[in-house]
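# Descriptive structure summary
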Amino acid sequence: MAAFFAGSASIGHAAGGSLGPISDFMTMDVCTQPDGSIAPGKIPGTPDCKARRDIRPGERPPYVVGNFPAPKSGCGQGPVTKINVPVQKGKNTRIVSSTIRSACGEPVAADDDDADRNGASIQWYDGGYGFIMGSYSPVALSSFESDLCAQNPESSQRFFRGWVIAPSIVPALGTAGYGVFPSKLNTGDPAKLATGCAQRYNRGLTTWFTTKFQYKSNLNLVSIVSSHYSRSSKSGETPGEAMQVEQTYWTREFGLSRWEKWAREDWVHPRSGQAAPALAARIAAAGRCSRPALDGVSYNDKLQVSATSGDPKAYARTVRDRETGQDHTWYMTLCEDYTNAAVPSTSTDYLKFVNGLADDLYWK
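Since this is a predicted model, take the numbers as computed values, not measurements.

What counts as what
Residues numbered from 1 in each chain as written. Predicted model: local features only at pLDDT ≥ 70, side-chain atom pairs only at ≥ 80, totals over all residues. Heavy atoms only, no water. Helix = DSSP H or I, 4+ residues; strand = E, 2+ residues; numbered from the N terminus. Buried < 20%, exposed > 50% of the residue type's maximum accessible area, 1.4 Å probe, protein only. Salt bridge = Lys/Arg side-chain N within 4 Å of Asp/Glu carboxyl O. Phe/Tyr/Trp six-rings, centres within 6.5 Å; stacked < 30°, edge-to-face > 60°. Lys NZ or Arg CZ within 6 Å of the ring centre and 35° of its normal. Contact = heavy atoms within 4.5 Å. Disulfide = S-S within 2.5 Å.

### Notes on unusual backbone geometry
One non-glycine residue with positive phi stands out, namely arginine 161, at about 65°. Relative to the elements of secondary structure, arginine 161 occurs in the loop between strand 12 (142-146) and strand 13 (163-167). By relative accessible area, arginine 161 is classed as buried at 13%. At asparagine 218, a position not held by glycine, the phi torsion is positive, near 75°. Among the structural elements, asparagine 218 can be located in the loop between strand 17 (205-214) and strand 18 (220-229). Judged by its relative accessible area of 57%, asparagine 218 is exposed.

Now the structure itself:
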């Protein structure tokens, strides 16, 4: 089933042809030698990477990506290491984005408490859209069921389009789009979900646009910027009364490359009691993510999102909702930039982490 409403518009510059399949933006690239084999020690996006391709199932990544450390940590790598790789089980392939807890770039020992927090998210695509099927860690297991469950309650297709990223053929640079995709967040082991499908689904707004974006690594990469709002208006064209949005960035070089959480100015964190502006000031001061220097986007005649403010003390954008007649300031309250690429200093086999991080149900 498709979204109950979807649309697109051209932004910023003239749209040309499509950018290709979304799988290319989910999967990390490897630099290649003339015979097509992996060139060791080289990283996509750097001048010495002359040719590259998507990494293939079972190939050992010659580099890893991760987040950035606190400026005063003395480490070159942050506390999270990732690889974004295709994993084949039986006849099906999924793309797994790992979250491996690290200390200055080295995976923590198996008996370290942080090792229990390793996890992953599982992505795939169908004929219409690319999507996140679920995420896994022993701390929080989440799966995103869609209304496709009614047709496929016993297969992994119940998780197709549960958290949409963008169309499966990525629209041209400078194109924006949006849609509402019925979904249900389930927590716990997906293999132990109750029989049957949800009776009700949330209708949150998803928006996307394609642009060039400069990451904290100073790499300026063609990116899909996808925003998943917690709610939508009745028309499905604006966020309505949503208070939070998760924003993800996807590149052909690395796959999942950045994650942000934004909140409306009147949102208050339920545990800390801190409002969005205060949380935004804290994340900006931490210095682990660069300013999200985004242009303004008009998704339709009812929804416009401004460019990011120039205030270095808190990163903010204005969301204009002509359906409600309200303008709200939204603040970036959390962020991880995963373009901190490096060749591992040890012979750690990161594939062994990935292969055990997700339930087999996602491949069923």
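### A short note on the pattern of salt bridges
Here the idea is simple: oppositely charged side chains can pair when their charged atoms come close. For the structure on display, the rule yields 14 salt bridges. For arginine 258, the salt bridge is made with glutamate 260, and the minimal N-O distance between the two is 2.6 Å. A residue is classified by how much of its surface remains accessible, and arginine 258, at 0% relative accessible area, is buried. The class of glutamate 260 is buried, set by a relative accessible area of 0%. With a closest N to O distance of 3.0 Å, arginine 320 and aspartate 327 form a salt bridge. Residue class for arginine 320 comes out partly exposed when judged on its relative accessible area of 36%. Since its relative accessible area comes to 42%, aspartate 327 is described here as partly exposed. When salt bridges with common partners are traced through the structure, they connect Asp29, Arg52 and Glu253 into a single cluster.

### With respect to the packing of aromatic side chains
In total, this model carries 11 aromatic pairs according to the counting rule given. The interplanar angle of 35° and the centroid separation of 4.4 Å between the aromatic rings of tryptophan 124 and tyrosine 125 together place this pair among those described as tilted. Residue classification places tryptophan 124 among the buried residues on the basis of a relative accessible area of 15%. Ring-pair connections join several aromatic residues into one group, and the members of that group are Tyr129, Phe181 and Trp208. We note arginine 258 situated over the ring of tyrosine 249; from NZ or CZ to the ring centre the distance is 5.6 Å.

### Examining the side chain of serine 142
If you trace the backbone, serine 142 turns up in strand 12. Setting aside anything within four residues of it in sequence, one finds serine 142 in contact with Gly134, Ser135, Leu185, Asn186, Thr187 and Tyr362.

### Side note on the state of the cysteines
For the coordinates displayed, the defined rule picks out 4 disulfides. Here cysteine 31 connects covalently by a disulfide to cysteine 49, the sulfurs 2.2 Å from one another. The sign of the S-S torsion, about -115°, decides the handedness of the disulfide formed by cysteine 31 and cysteine 49: left-handed. Of this pair, cysteine 31 sits in strand 3 (residues 29-31) while cysteine 49 is found in the loop between strand 3 and strand 4 (52-54), placing the two residues 18 residues apart along the sequence. In this model cysteine 149 forms its disulfide with cysteine 197; the gap between the sulfur atoms is 2.1 Å. Looking along the S-S bond of the cysteine 149-cysteine 197 disulfide, the torsion reads about -80°, which is the left-handed sense. Here the residue cysteine 149 occupies a position in the loop between strand 12 and strand 13, and cysteine 197 occupies one in the loop between strand 16 (183-187) and strand 17, the gap between them amounting to 48 residues. For the protein, the bonded cysteines connect in the pattern 1-2, 3-4, 5-6, 7-8 when numbered consecutively along the sequence.

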